[in-house]
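# Coordinate inspection notes
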Amino acid sequence: MMAEAIPKPAMRPFLPADTPMLAAIFVAAIQELTGDDYSETQQEAWASTVDDEESFGKKLLGELTLIATLQNAPVGFGSLKGADHIDMLYVHPSVAGRGVGAMLCDALEKLAGARGTTSLSVDASDNALDFFKKRGYVAKQRNSVTINGEWLANTTMEKTLAGGAKA
Ligand SMILES: CC(C)(COP(=O)(O)OP(=O)(O)OC[C@H]1O[C@@H](n2cnc3c(N)ncnc32)[C@H](O)[C@@H]1OP(=O)(O)O)[C@@H](O)C(=O)NCCC(=O)NCCS
């Protein structure tokens, strides 16, 4: 395969002005990357949680939210809730499979480690199970959550950070 000059993703902290862009990434990621595991009605219910952009922005601001950019444009984001829980991790489908999710997750793990965390958890959607498994997360518990009247399954997974995340 010919080597192409693919621009490298960068990272920066979230700013409130990013909210509409991140809402669009959230919706696109759900619509295009989760269809093998969730029905259209489930995807719609999940995506509609950002319809209220103001509360979505508040949530992003209240957590430690990192943004991945490509040529300065946001292409993904991830957030750490408290010291030990990955709350959100979403990558725009146009750049999926190019390491952006791994880069964000790496950074969140380092930040959690720096906050003294030894066990980091995530409620992983079914489509993201293998992504987290590959990174050393272990499934602990299966959950069913209701979002706007739809039941969606996810799995609580945990990764031991001890020794590996001395930031
Ligand atoms: C899960 C998600 C964040 C992964 O982001 P990404 O940028 O595509 O992932 P990466 O390119 O960094 O992948 C890292 C590794 O995981 C693997 N991987 C990524 N998504 C995968 C999937 N759905 N199934 C299996 N493996 C996957 C990649 O092949 C890669 O493996 P490698 O290191 O051997 O090459 C992205 O698919 C997404 O936004 N999904 C929809 C939203 C969602 O469900 N988020 C999780 C909520 S907890």
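For the structure, see preceding data.
Now for a quick tour of the structure. (Residues numbered from 1 in each chain as written. Predicted model: local features only at pLDDT ≥ 70, side-chain atom pairs only at ≥ 80, totals over all residues. Heavy atoms only, no water.)

So, about the overall build of the protein. Looking only at helices and strands, the protein has five helices and seven strands in total. What you see for the protein is a C-alpha radius of gyration of 16 Å, in line with the 15 Å of a compact globule of 167 residues. Long-range contacts, defined as pairs at least 24 residues apart, comprise 66% of the intrachain contacts of the protein with a sequence gap of at least 6. Where the 15 positive side-chain charges of the protein centre and where its 21 negative ones centre are 11 Å apart. (Helix = DSSP H or I, 4+ residues; strand = E, 2+ residues; numbered from the N terminus. Rg over C-alpha atoms; globule rule 2.2 N^0.38 Å. Contact = heavy atoms within 4.5 Å. Lys, Arg positive; Asp, Glu negative; His and termini not counted. Charge placed at Lys NZ, Arg CZ, Asp CG, Glu CD.)

Attention shifts here to the packing of helix 1 (residues 19–33) against helix 3 (residues 53–62). Their axes nearest at 10 Å, the elements helix 1 and helix 3 cross at an angle of 95 degrees. Taken as axis vectors, helix 1 and helix 3 run roughly perpendicular relative to one another. Residues Thr19, Pro20, Leu22 and Ala23 of helix 1 form the contact with helix 3, whose own contacting residues are Glu53, Phe56, Gly57 and Leu60. Considering only residue class, the contact of helix 1 with helix 3 consists of five nonpolar, two polar and one charged. (Axes fitted to C-alpha atoms, helices over the stretch in contact; angles between N-to-C directions. Parallel < 35°, antiparallel > 145°, perpendicular 65-115°, else oblique. Nonpolar A, V, L, I, M, F, W, Y, C, P; charged D, E, K, R; others polar.)

Bringing the site of the ligand into the picture now. Inspection of the region around the ligand gives 22 residues, with Leu89, Gly97, Gly99, Ser125 and Asn127 positioned closest. At 2.8 Å from an oxygen atom of the ligand is found a main-chain nitrogen or oxygen belonging to Gly97. Lys134 places a side-chain nitrogen or oxygen 3.0 Å from an oxygen atom of the ligand. Computed on the free molecule, the ligand has an accessible area of 910 Å², of which 72% lies beneath the protein chains in the complex. Because more than half of its atoms lie within 2 Å of the grid, the ligand is assigned to the largest pocket. Of all the secondary-structure elements, those providing two or more residues to the shell around the ligand are helix 1, strand 4 (85–91), helix 4 (100–114), strand 5 (119–125) and helix 5 (129–134). The class makeup of the residues in the shell around the ligand is twelve nonpolar, six polar and four charged. (Near = heavy atom within 4 Å. Polar contact = N/O pair within 3.5 Å; in protein donor to acceptor, adjacent residues only side chain to side chain. Areas by Shrake-Rupley, 256 points an atom, 1.4 Å probe, with all protein chains shown as cover. 1 Å grid on protein atoms, 1.4 Å probe; cavity = no way out; pocket = protein on both sides within 12 Å on 5 of 7 lines; lining within 4 Å. Sits in = over half its atoms within 2 Å of the grid points.)

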